[in-house]
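Structural characterization, general
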Amino acid sequence: MNPVLLLAQLGWMYLGYAIPLIVVISLVYAATRHEDLRAIGRHAFGCAMWIIGLMVVVGLIMAVVSAWL
Amino acid sequence: MVGQTQGHSQETIDLKDPALAAFLGWLVPGLGHLYQGRTAKGILFLVCILGTFVYGVYLGGNSEVGWGRVVYMSFHPEDQRLHFLCQAGVGLAAMPAVIQAFWLRRGEQAQNPGQKPREPLWGSFMAPPRLPSDRSSNRPTLDDLHKKLHHYFELGTLYTMIAGLLNILAIYDAWAGPVREEEAEAENRPSEEGVVSKASPEAGSEPPESRAFGSGEPRGIDPTPS
């Protein structure tokens, strides 16, 4: 297998370690703003989506910038 | 406790002794909330924060070098582990690192020439690595730990640091109650020491926590119940 592709796949695999962190950070952050569990859940979901969206945007910017290098 | 303020049905949160709750929250994540009777949030903080920390400890060690090698206390000029300042936020769970550091430090101070150096406790659990300049033992150095744990050393460090930092948020929540928008804060100003109030979602009117922090506008990710 192409070693560059293998490294790219490993890079994607490492992103999996971000998922528990995103979940936990979202839940704890939301819990510091609400008392009601349903409100915490809603806020945490929105927060997680916001973090993932930001990561995607930053990743796309990095991909575009790296294409120019 | 229940009260009314400007048309909002208010349910108050009794923070009891906020300083004690904050201290308990530092000792064990979520314990301060359990002390205040905020059981669901206490369990949430306990599971999320302690789970993250334990997973980081698991990632940052193995049976060969010992477990929890990413959590250690060292402020020697050759190895200033400033990460521990964040990890210590998780409280008792990080304290074995302090005991290990003092145990080994006392051993170095009391060591006579030619005497065998003191070994870490508990199978090197949260023990600091050997300094590169220290040739008196065969414990692994920081470089050795990186070589043997690969990227898991960084991942374990990251997880444990984030757990400690998240617990600071939880401690603040135990100390002061949930963060609110400015308008709601003005409405719900505590009338007595250690007691804050929260709007009940069942009130029919918009609860303060459904608004964006500091803006007074409804937040898209937290729809207002009607």
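The structure this text deals with has already been given above.
Our subject in this report is the structure included herewith. Remember, predicted model here, so these are calculated numbers, not experimental data. (Residues numbered from 1 in each chain as written. Chains lettered and ligands numbered in written order. Predicted model: local features only at pLDDT ≥ 70, side-chain atom pairs only at ≥ 80, totals over all residues. Heavy atoms only, no water.)

Attention now moves to the pattern of salt bridges. This model, assessed by the stated rule, comprises six salt bridges over all chains. A salt bridge links A:Asp36 to A:Arg38; the shortest N-O distance between them is 3.9 Å. For B:Lys148, the salt bridge identified is with B:Glu64, shortest N-O distance 3.4 Å. Here B:Lys148, found in helix H6 (residues 142-149), pairs with B:Glu64, found in the loop between helix H3 (39-59) and strand S3 (75-76); they are 84 residues apart in sequence, far enough to count as distant. Owing to a relative accessible area of 40%, B:Lys148 belongs among the partly exposed residues under this scheme. Here the salt bridges share partners, and the residues they tie into one network are A:Glu35, B:Arg38, B:Lys41 and B:Asp173. (Salt bridge = Lys/Arg side-chain N within 4 Å of Asp/Glu carboxyl O. Helix = DSSP H or I, 4+ residues; strand = E, 2+ residues; numbered from the N terminus. Buried < 20%, exposed > 50% of the residue type's maximum accessible area, 1.4 Å probe, protein only.)

Right, let's get into the packing of aromatic side chains. Residue and element names in this part refer to chain B. Enumeration over the complete set of coordinates arrives at five aromatic pairs over all chains. Ring geometry for Tyr55 versus Tyr159: centroids 5.1 Å apart, planes at 75 degrees, classification edge-to-face. One end of the pair, Tyr55, is in helix H3; the other, Tyr159, is in helix H7 (residues 152-176), and 104 residues separate them in sequence. Using a relative accessible area of 31% as the deciding quantity, one classes Tyr55 as partly exposed. Assessed through its relative accessible area of 1%, Tyr159 is described here as buried. Its end group placed over the ring of Tyr35, Lys16 keeps NZ or CZ at 5.4 Å from the ring centre. (Phe/Tyr/Trp six-rings, centres within 6.5 Å; stacked < 30°, edge-to-face > 60°. Lys NZ or Arg CZ within 6 Å of the ring centre and 35° of its normal.)

For the rest of this paragraph, the subject is a nonpolar patch on the surface. A cluster of nonpolar side chains, contributed by A:Trp50, A:Leu54, A:Val57, A:Val58, A:Ile61, A:Met62, A:Val65 and A:Leu69, occupies part of the molecular surface with about 860 Å² of accessible area. With respect to the helices and strands, A:Val58 occurs in helix H3 (residues 37-68). (Patch = residues over 30% accessible without salt bridge, like charges linked within 9 Å, V, L, I, M, F, W, Y side chains within 5 Å. Areas by Shrake-Rupley, 256 points an atom, 1.4 Å probe, with all protein chains shown as cover.)

Next up on the list: the environment of B:Gly164. Residue and element names in this part refer to chain B. With respect to the element layout, Gly164 can be found in helix H7. According to the relative accessible area criterion, Gly164 is buried, its value standing at 0%. Expressed as a C-alpha distance, the spacing of Gly164 and Ala101, which sit 63 residues apart in the sequence, is 19 Å. With residues near it in sequence (within four places) discarded, Gly164 still touches Cys86, Gln87, Gly89 and Val90. (Contact = heavy atoms within 4.5 Å.)

Now for unusual backbone geometry. All names here are of chain B. Positive phi, close to 50 degrees, is recorded for Trp122, a residue that is not glycine. Note on placement: Trp122 falls in the loop between helix H5 (95-110) and H6. At Met126, a residue that is not glycine, the phi angle is positive and equals roughly 60 degrees. Within the fold, Met126 resides in the loop between H5 and H6. Overall, the relative accessible area of 1% leaves Met126 in the buried class.

Another point: the environment of B:Gln87. All names here are of chain B. Checked against the element boundaries, Gln87 lands in helix H4 (residues 83-87). Residue Gln87 is classed as buried on the basis of its relative accessible area of 0%. With sequence-adjacent residues up to four places away left out, Gln87 is seen in contact with Phe53, Val70, Val71, Tyr72, Arg81, Ala94, Thr157, Thr160, Met161 and Gly164.

Residue and element names in this part refer to chain B. Approximately 420 Å³ is the volume found for the largest pocket. Lining of the largest pocket is provided by 16 residues; of these, Ser74, His76, Ala101, Arg105 and Glu108 occupy positions nearest its centre. Considering every element that reaches the lining of the largest pocket, the biggest residue donor is H5, with five residues. Residues of the lining of the largest pocket, tallied by class, amount to eight nonpolar, two polar and six charged. (1 Å grid on protein atoms, 1.4 Å probe; cavity = no way out; pocket = protein on both sides within 12 Å on 5 of 7 lines; lining within 4 Å. Points joined across faces, edges and corners; volume = space filled by probe spheres on them. Nonpolar A, V, L, I, M, F, W, Y, C, P; charged D, E, K, R; others polar.)

Bring the parts together and some accessible area is lost; that lost area is often taken as the interface size. Between chain B and chain A, the residue contacts involve 31 residues of the former and 22 residues of the latter. Summing the contributions of chain B and of chain A, the shared interface buries around 2,400 Å²; its carbon and sulfur component is 69%. For the pair chain B and chain A, the interface holds two salt bridges. Measuring nitrogen to oxygen at the nearest pair gives 2.9 Å for the salt bridge that ties B:Lys41 to A:Glu35. The tally of links from chain B across to chain A stands at six residue pairs in polar contact (both at pLDDT 80 or more). Mapped by element, the contributors of at least two residues to the side of chain B that touches chain A are H3 and H7 of chain B. Residue classes in the side of chain B that touches chain A are distributed as 21 nonpolar, two polar and eight charged. (Buried area = accessible area lost by both parts, 1.4 Å probe. Polar contact = N/O pair within 3.5 Å; in protein donor to acceptor, adjacent residues only side chain to side chain.)

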